Amino acid sequence: MPDTTFRPGLPDAQGLYHPRNERDACGIGFVANIKGQKSHDIIVKGIQVLLNLTHRGACGCDPETGDGAGVVIQIPHKYFARECARLGFTLPAPGEYGVGMTFLPVEPPARRTAEGLIERLLAEEGLSLLGWRDTPIEGSAIGRVARASQPYIQQVFVSRGRGMSEDQLERKLYVVRKRAEAEVAAGDMPGKSFFYIPSLSARTIVYKGLLLAPQIGHFYPELSDPDVLSALCLVHQRFSTNTFPTWQLAHPFRYIAHNGEINTLRGNVNWMHARESVLRSPLFGDDLKKLFPVIEPGGSDSAAFDNALELLVMAGRDITHAMAMLIPEAWAKDEGMDPQKRAFYEYHASLMEPWDGPAAIAFTDGRSIGATLDRNGLRPARYMVTHDDLIIMASESGVLPVKPEDVKFKGRLQPGKMLLVDTAQGRIVSDEELKARLYGRNPYQLWLKEHQVTLESLAEPPREHPADYDTLLERQRAFGYTDEDLRMILAPMAQKGEEPTGSMGADTPLACLSDKPQPLFHYFKQLFAQVTNPPIDPIREELVMSLTSYIGTERNILAETPMHCHTLKLQHPILTNRDLEKLRRVSQGDFLAATLPMLFATEEGGRGLERALDQLCRRASLAIKSGYSLLILSDRGLDTDYAPIPSLLALTAVHNHLVREGTRTQVALIIESGEPREVMHFALLIGYGASAVNPYLALETLQVGQEGWPVRVEPETAVANFIKAINKGLLKTFSKMGISTLQSYRGAQVFEAIGLSRKLVDKYFTGTVSRIEGVGLDVLAEEVVRKHRFAYRARGESETELSVGGNYHYRAGGEYHLLNPQTISKLQHAVRQESAKTFQEYTDLIDLQNRQLTTLRGMLEIRQSDEPIPLEEVEPAASIVKRFATGAMSFGSISKEAHETLAIAMNRIGGKSNTGEGGEDRERFQDNRRSAIKQVASGRFGVTAEYLVNADELQIKMAQGAKPGEGGQLPGHKVDETIARVRHSMPGVTLISPPPHHDIYSIEDLAQLIYDLKNVNPLARISVKLVAEVGVGTVAAGVAKAHADVVLISGDSGGTGASPLSSIRHGGIPWELGLAETHQVLVLNDLRGRIRVQTDGKLQTGRDVVIAALLGAEEFGFATMPLVAMGCVMMRKCHLNTCPVGIATQDPVLRARFQGKPEHVVNYFFFLAEQVRGYMAQMGFRTFDEMIGRVDMLEPRDAADHWKAKGLDYSAILFRPQVSSRIARRCVDAQDHGLNQALDYKLIDHAAEALENRTPIQIKLPIRNVHRTVGAMLSGEIARRYGAAGLPDDTIRFQFNGSAGQSFGAFLAGGVTLELEGDANDYVGKGLSGGRLIVYPPRNSTFLPEENIVIGNVALYGATSGEAFFNGCAGERFAVRNSGATAVVEGLGDHGCEYMTNGTVVVLGACGRNFAAGMSGGIAYVLDDRGAFRAHLSTGAAVDLEQVAGDDAALVRSLVERHVEVTASPRGKWVLENWEEMLPRFVKVFPREYRRVLEARQAAAAAARSATLSRLAAERVPVAQEVA
Amino acid sequence: MGKLTGFLEYPREVASRRQPQERIRDWFEIYQPFPAEKVKTQGARCMDCGVPFCHNGCPLTNLIPDWNDMAFRGQWREAVRQLHATNNFPEFTGRVCPAPCEAACVLGINEPPVSIKLIEKSIVDHAFEEGYIRPEPPAVRTGKRVAVIGSGPAGLAAAQQLARAGHDVTVFEKNDRIGGLLRYGIPSFKMEKHLIDRRLEQMRAEGVKFRTDAHVGKNVAVADLRKEFHALLLAGGSEQPRNLNVPGRELRGIHFAMEFLPQQNRRNEGDTVPPEDAILATGKRVIIIGGGDTGADCLGTSHRQGALSVDQFELLPQPPVERAPSTPWPLWPMQLRVESSHEEGGRRKWAVSTLKFGGDARGNVRELYAIEVGPPPRFEPLAGTEFTLECDLVLLAMGFTGPVKGGMIDHLGLELDPRGNVQTDDNYMTSVPGVFAAGDMRRGQSLVVWAIAEGRKAAASVSQYLLCEPRVP
């Protein structure tokens, strides 16, 4: 498979930078005339949309150079005819010729070569050249960087061949373009990096470039020519994670513009490539081969998607059909879906895997234009239709000013839905009609019934492998099972059906450094989604997840026959022995299985292993030739001479061999192995292409080997629970990467290898990242042989059966731990006795990893300078400790005493402590217990305007080292009165932190949140916490461009209060790699100078700090070690609330045992700083700043005699990018946050009186979508002055008119009312902190408000108090994580009230799917007048549905009255007028947990409710005045 | 593992000792039985630490949390297997070990630690009662012959490990009974000797041959052993007692502890000691010099023999009653220890240095002259604190200085380390190839747990040497 490494415009891979990690996101939109009437006005409007999306793009080091922008329009025939005539050639009629937009080399000779190439290919394909035309451009319109890399832009005009239809011409143009791309890529044409063909079509033309949105009209002057006409205009503004000049990567591509990211790209591209061998198309005939590779190497994920779409469309599929195939709805679990539609999707699932990831895609084939959202609907897409047949679709509402009275309809795209404007028919085709058209194409249901095979339908096998107790132990030993595996992994899974939980991170050696034989699995780390795309919550959003897969021979995806669904449907990928026997004996249709042994002779070691792999591959090829369609790779039958090949290695060897051979898609690979036993193992096997796995030894262990287990379980239950646990774990693993389905995950290779040699990876794990070299086959063989020898040696009865393990808990004789009895006690003795000598003994134990290699930093040496300086000349320790911060540990995860001790210690030394995500008690804001860093995490607990203004730093936690990509949960029993108060929740009610921030699904969203926070507290610096993984540097560059002041790179080993064990061990990578990559990429992009870099992850000693500084960090975070200093003894019981030293517990009895003192922590940091000074003196650095990024002061340690470490190569970590000395290597500049454009300055001016004297004010103002985060800065001012209470109700009242931008009313403080006539975008009332929001449509609009969308997605996210009234529908995730606001809305999208913990929501209309998922508190009242509500409730919702009566009825009525009062809602009026009839139709959604808690405090609750009632009665606000 | 909140619910309990007045009338073990149900409760107190510091306290690296849990759950058979996985003789260590594991127990930070030693003893006693402990003869014989010299805990542990690995093992013991210090050094009120016999029975069934009265270097020629065996493992202990070189030392009635204690053990075995050799405390005023375990053993033995009075002197100052600040958790605490023998009577005096002995005309010791001293390292005599004490029997329990030189060590030509112990490499091989050393002979006077640990590790090295195979985890 081709490695998509060649990326024109991007730097070559160097150090830890790799161009393939580049990401982007953006704003998209289109404008079209529904009737297909062409006009120049459409283009003008399109460009205006683009202009108004500018804030969704970004610019790099050169403020004039954007990341890219572009438009697609129909071929402007009138204009071209005029211009070509001027050039001396005549264009034929529209449709009879094609136009190519080409980027060519600048140098004339090279350009002529390129032109020649295109001309030759045109001729060869039977087309003729009409002429070339220099595209007029205005070079001065663009930035310096863009100009420097600008290609020569020409248009080529091509006439069709004799008798060619328009479609044939289009296909030929496609062939020519693909051939040209392939030839240029393969050849050595000078200036080839410029060469690119944005479009070559008879229908559309693409204008794009490295532009900012406002530049496009100036750069391409012809777009302003009144003769340039089009009925549609699709636009895109890009936000990329780099600052490299890449003209090609600007959108739109030929068919699409994409906002989002394809997470499964690697798998999709690989499978597309593998499928090429079976592609056939009557439309192309022999031309088909000319299209290969279908996926253009070096493209982005969007480009690759465009390539795939193009092939499907060109080969005859309708564009909507192709889109539905590539990005299907979440159909598998949707019982309510039309069976025919489900059959359509299921049929196509048999053809190919979904392209999975957050996506809003706008597409056009030149005739119709449309858009679709992925199944999760994680990108916004709003549209508006006017009475004069104009449709405007964009990432935001309000991108084009339209008079309210002209608006016919406003809407939003819903998850998985599609919108199409068919200009030929002159109408909008609804999703329903579109899909009906698709599923009506063929009798898919019948086809499935006739041809699909299921496991259940296969004949029962005559026998299956029985469990074999006699050899169980030796097989367990041979596969490396440990006592711990049984006790801590298998037993809990068998008992509870879920993966076990642990705490306090990982401190064991990397697999490539461990002296214990490791499973090959442990050389891999899971990738996960952060910033550029969101992880998913597989529990609360289960409806989008699926483990179902379809296996068997793949067929030609360009055709559509009944046999295409002749696949074997598996509900999940784990096979019991019986299931496997069924498959082994299958003889249905094309299915035939062969079993191939995966064993090797131990005698021959690495060579034997290699030979066995080669033989296995040969056997696989032979089996395919003989017609087998299922290959079962089996390691059954090991004996004294034969050991198992690591199952993953056998799988990838065969997989890659078959891919190279072009036969991979003809078979499914099934693993029958004793090796896999934990979630990570299965994830790897599937991630590298296995269709199913039979873990026979794990199953046998559960059936017969339970002797000595803490609790015994019936064998059948144990097996069922184990499979359940693995399946759940798999979903969790997929979701971390933002992948929803097993089919997409299969072969997606979302892993990074650490410590495998390049040779090994290239051959067996092609395309996987492995950056520090490492072990080869010989070591892998040795590891197996060691286990094998252990298995077959004589043993006595009183030996421990298995090796102890010691991976999770320290065990003598087990794996090494950095935190062991010696190191922990030495550190504690040192800080308590204030003994620098003991501290040195402690650090020696860790630093001198002579006997026991553990970490990458342990493998580096710090050089001595030739000119060391005296210690006295080195910056004092008191100044160095200011760079230290303690880690984010929430009050809730650790005790009040521990939390405050840390804060006091850090305040004493001028460092920073971190609140963690649990908020902070208001009492602490003003004293020495205040945490300087206030964290903003996905749960938004306690995040109020007051909290935010009381911080020096606001840290956005994107991920956590111990469990990147996952959320968290604080069980109700741990939420006591105090925690609940601080977190603004209800005592006893479970609190869930979602895996993603629901306001950050992409990089431009992050920029938005940074902007929000900066608005509330302009004095605080904004920090973004990332976890190290491959590509983190690229993400960090994006973060820098999103204007964060600090980026924190966390290592994989960091602690945690609770996390699944597989996440602790297998997610994320060491900070050394992540930090080095970040520093390198920031320097390469010239972004390093404007952002500070912090790192953390088990930093323990002065040496660790120095190495981190030399690798590029300015600041350092510590969590585990300060805890140890305060008395933590690594019980790893944080998740159980039984911490015996009073740290990680809320139990008052245990808290009383806390003996930590601030002095201990202070001593620790000063000891560290003194050690740092010692090293600085040695290296000759007087100031800390000098040391930052000086990787030249590091060198690798000699490890020639270590059997594993000798293969490692640290040159990528120690790489120093070759850049000009003018480029900063540490932070020297402040970010420009662009706050000066904030509307709030005006608001604050207007409100000056109110702010000072509480004098009420009322002002009317216009508003536009470019006005973002309105009200936040004002709220910050109020919170600073008046704290949480804010101003008296309604003191400040602004009445806006227009379309508000994102985050309207974010963190709005009490006393402020924002009233909006118009509509608003996403994140309305985010973090609402007591303010009031009122939104209603323009008074003179003609549509019914309740049927139109008035606010965007994710409204009231994390709101803590306040009120909101929305006269219209809201988008997805309304009131997500609401913990106290009261809201009335007239309809909402999917996932309403998700994770809500408190507050009141009244919905006067329909709800989308998955309502109340993870809702543990608060109450929602839904008017279910169509009786459909129950079906939309989340299947996992723990809520009761009740009639509304009594106090509830009074509350609802009064809220509706209020709603009518402030918005004049017709729907509300109607409800009130028909109250008697309506009341019974209201459903009260009452979380059970909340009910339990409420009932316990019934009296208090009743009082609170009546208080609300009387307050409402007392504070009637006059109905809003008409607004200008 | 364990009961999650067990440590909060149950207090520490250990087996209670019989009344001193009762127990000094016999030679049986001093502890009363501890019911199995309560052992479970004690097991429930284990917190299953992420970092079990008890491991670090224990030289044998016993898998303490694991078998604590099994005891809690009543899984005795599995528990004893786990126990035996790291310790050949838990019934010995469960009785005589000072339990550094308990000193390192995490619960000990702010509560009385888990009663690990009690649990260990309970598991193994229960297992013997239930017949879980059976011989484990090797499946395959290697045909290699190994001589183990010395039958103390190090030698026995090594012998058992080697025999189970399939080697042909012969143990040489200079005394008439097997067991070394276990047999003759430790009084039977601390550990009854039938426990040793029970183990020896198992070891014989596993193929270990024992030769008593075989003093290598004296009545057994080293050269013969070299010819007869593929490897030698020396586990002869550290038996050279530290002497007290003061005037009057030559007087009758002044004996090393190890002259005194073994005699009583022999008597308990039914042997008779010739009256002319007998050292008895009966009716005597006894002074014990040395405040350690051996001194305490002399104290208990003296009382049981019916001493008139017993005084015990220690050179070091009296340690604090609580853990000394210089030895914070999890270190072995410097603190005042009250052994069972101390409960039975006698006076203890610290910071005392003996100046000389005075005797009567017949050359019997009659008085001891001593002075109080300051703290280490100088032990400065405090002028004016001189005193004299009358006595009839003086027992020297001041530790050991290393293996007895001459004989076997000389005949083999072994190199010694600076402290006078037999020097070995990391694999327990002495300067003579094929000759290994373990236990006190190699590391100097120490605990039984250390002896067993040494014996096991040395056995692994011997086995590896014999089979020329790389080490297996």
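Residues numbered from 1 in each chain as written. Chains lettered and ligands numbered in written order. Predicted model: local features only at pLDDT ≥ 70, side-chain atom pairs only at ≥ 80, totals over all residues. Heavy atoms only, no water.

## Focus on the overall build of chain A
At step 1: Within chain A one finds 47 helices and 51 strands.
At step 2: The C-alpha radius of gyration of chain A comes to 32 Å, within 12% of the 36 Å expected for a compact globule of 1524 residues.
At step 3: Counting only residues that meet the buried cut, chain A has 71% of its 1524 residues in that class.
At step 4: Within chain A, counting contacts between residues at least 6 apart in sequence, those at least 24 apart form 74% of the total.
At step 5: Surface exposure of chain A reaches about 45300 Å², of which carbon and sulfur atoms provide 49%.
At step 6: Computing the positive centroid from 166 side-chain charges and the negative centroid from 182, chain A places the two 1 Å apart. (Helix = DSSP H or I, 4+ residues; strand = E, 2+ residues; numbered from the N terminus. Rg over C-alpha atoms; globule rule 2.2 N^0.38 Å. Buried < 20%, exposed > 50% of the residue type's maximum accessible area, 1.4 Å probe, protein only. Contact = heavy atoms within 4.5 Å. Areas by Shrake-Rupley, 256 points an atom, 1.4 Å probe, with all protein chains shown as cover. Lys, Arg positive; Asp, Glu negative; His and termini not counted. Charge placed at Lys NZ, Arg CZ, Asp CG, Glu CD.)

## Section: the overall build of chain B
At step 1: The number of helices and strands found in chain B is 19 helices and 15 strands.
At step 2: For a compact globule of 473 residues, the expected C-alpha radius of gyration is about 23 Å, and chain B comes in at 23 Å, within 12% of that figure.
At step 3: Taken along its principal axes, the extent of the C-alpha atoms in chain B is 65 × 60 × 45 Å.
At step 4: Here chain B holds 473 residues, and the buried ones make up 58% of them.
At step 5: Of the contacts formed within chain B by residues at least 6 apart in sequence, a portion of 68% connects residues at least 24 apart.
At step 6: Total accessible area on chain B stands at roughly 19100 Å², and carbon and sulfur atoms take up 51% of it.
At step 7: In chain B, the 57 positive side-chain charges and the 58 negative ones have mean positions that sit 1 Å from each other.

## Considerations on the pattern of salt bridges
At step 1: Taken as a whole, this structure holds 160 salt bridges over all chains when the rule is applied.
At step 2: The salt bridge involving Arg786(A) is made with Glu782(A); its shortest N-O contact spans 3.0 Å. With a gap of 4 residues between them, Arg786(A) and Glu782(A) both fall in helix 23 (residues 777–792), about one helical turn apart.
At step 3: Taking the shortest distance from any N to any O, the salt bridge between Lys209(B) and Asp168(B) comes out at 2.7 Å. With Lys209(B) in strand 3 (residues 209–211) and Asp168(B) in strand 2 (residues 168–172), the pair connects residues that are 41 residues apart, well separated along the chain. (Salt bridge = Lys/Arg side-chain N within 4 Å of Asp/Glu carboxyl O.)

## Structural notes on the packing of aromatic side chains
To describe a pair of aromatic rings, you give the distance between the ring centres and the angle between the ring planes.
At step 1: Overall, the coordinates contain 45 aromatic pairs over all chains when judged by the stated rule.
At step 2: Considering the side-chain rings of Phe89(A) and Phe157(A), the 5.7 Å spacing of their centres and the 55° angle between planes classify their relative orientation as tilted. Here Phe89(A), found in the loop between helix 2 (77–87) and strand 3 (97–104), pairs with Phe157(A), found in strand 5 (residues 152–159); they are 68 residues apart in sequence, far enough to count as distant.
At step 3: Residue classification places Phe157(A) among the buried positions, given a relative accessible area of 0%.
At step 4: Here Phe219(A) and Tyr220(A) contribute two aromatic rings whose centre-to-centre distance is 4.9 Å and whose plane-to-plane angle is 80°, an arrangement assigned as edge-to-face. Comparing Phe219(A) with Tyr220(A) shows no difference in burial state: the two are buried.
At step 5: Put simply, the rings of Phe839(A), Tyr842(A), Phe884(A), Phe1116(A), Phe1118(A), Tyr1164(A), Phe1165(A), Phe1167(A) and Phe1184(A) pair up and form one aromatic cluster.
At step 6: The side chain of Lys349(B) reaches across the aromatic face of Phe387(B), ending 5.4 Å from its centre. (Phe/Tyr/Trp six-rings, centres within 6.5 Å; stacked < 30°, edge-to-face > 60°. Lys NZ or Arg CZ within 6 Å of the ring centre and 35° of its normal.)

## Some remarks on the interface of chain A and chain B
How big an interface is tends to be expressed through the accessible area that disappears when the partners come together.
At step 1: Each partner contributes residues to the interface: chain A has 44 residues there, and chain B has 43 residues.
At step 2: Where chain A touches chain B, the interface holds 5 salt bridges.
At step 3: Arg1153(A) is the partner of Glu111(B) in a salt bridge, and the nearest nitrogen-oxygen pair spans 2.2 Å.
At step 4: The tally of links between chain A and chain B comes to 14 residue pairs in polar contact (both at pLDDT 80 or more).
At step 5: Of all the elements in the fold, those that place two or more residues in the side of chain A that touches chain B are helix 14 (483–496), helix 23, helix 24 (821–833) and helix 36 (1148–1151) of chain A.
At step 6: Sorting elements by how many residues they give to the side of chain A that touches chain B places helix 24 of chain A first, with 7 residues. (Polar contact = N/O pair within 3.5 Å; in protein donor to acceptor, adjacent residues only side chain to side chain.)

## A look at the domain arrangement of chain B
Residue and element names in this part refer to chain B.
At step 1: In terms of domains, chain B is made up of domain 1 (6–130), domain 2 (145–239 + 401–467) and domain 3 (254–396).
At step 2: Using C-alpha coordinates to define each centre, domain 2 is positioned 30 Å away from domain 3.
At step 3: Taken together, the contact between domain 2 and domain 3 spans 13 residues of the former and 13 residues of the latter.
At step 4: Of the roughly 1200 Å² buried at the junction of domain 2 and domain 3 (both faces included), carbon and sulfur atoms supply 42%.
At step 5: Ranking the residues of domain 2 by area buried against domain 3 places Arg177, Tyr184 and Phe189 at the top, with a combined share of 48%. (Domains from an automatic or database assignment. Buried area = accessible area lost by both parts, 1.4 Å probe.)

## Thoughts on the nonpolar core
At step 1: Within the largest apolar cluster, 326 residues are counted, with the highest numbers of intra-cluster contacts made by Phe524(A), Phe884(A), Leu1026(A) and Tyr1164(A).
At step 2: The leading source of residues in this core is helix 37 (residues 1158–1179) of chain A, at 12 residues.
At step 3: Each of domain 1 (6–130) and domain 2 (145–239 + 401–467) of chain B gives at least three residues to this core.
At step 4: Residues contacting Phe884(A), with those up to four places away along its chain left out, are Met906(A), Gly911(A), Lys912(A), Val1105(A), Phe1116(A), Phe1118(A), Phe1165(A), Leu1168(A) and Ala1169(A).
At step 5: Of all hydrophobic cores here, the second largest spans 103 residues; its members include Tyr345(A), Ala349(A), Trp447(A) and Cys565(A). (Core = buried A, V, L, I, M, F, W, Y, C linked by side-chain atoms within 4.5 Å.)

## Notes on the pairing of strand 12 (residues 382–386) of chain A
All names here are of chain A.
At step 1: Counted residue by residue, strand 12 has 5 buried out of 5 residues, so it is predominantly covered.
At step 2: The alternating pattern of strand 12 places Arg382, Met384 and Thr386 and Tyr383 and Val385 on opposite faces, both of which are buried.
At step 3: For strand 12 and strand 13 (residues 390–394), the ladder comprises 4 bridges, and the chain directions are antiparallel. The residue bridging Val385 from the neighbouring strand is Ile391, located in strand 13.
At step 4: Hairpin remark: strand 12 followed by strand 13, antiparallel, with 3 residues in the connecting loop; positive phi at Asp389, about 65°. (Pairing = 2+ DSSP bridges.)

## Structural notes on helix 44 (residues 1466–1473) of chain A
Residue and element names in this part refer to chain A.
At step 1: Regarding helix 44, the residues found buried are Arg1467, Gly1468, Val1471 and Leu1472. Taken down its axis, helix 44 places every buried residue within 135° of arc, on the same side.
At step 2: Elements in contact with the buried residues of helix 44: strand 49 (1417–1423), helix 43 (1446–1463), helix 45 (1475–1478) and strand 51 (1482–1487).
At step 3: Capping the start of helix 44 is the job of one residue whose side-chain oxygen sits 3.3 Å from the backbone nitrogen of Arg1467: Ser1465. (Arc of directions from axis to C-beta.)

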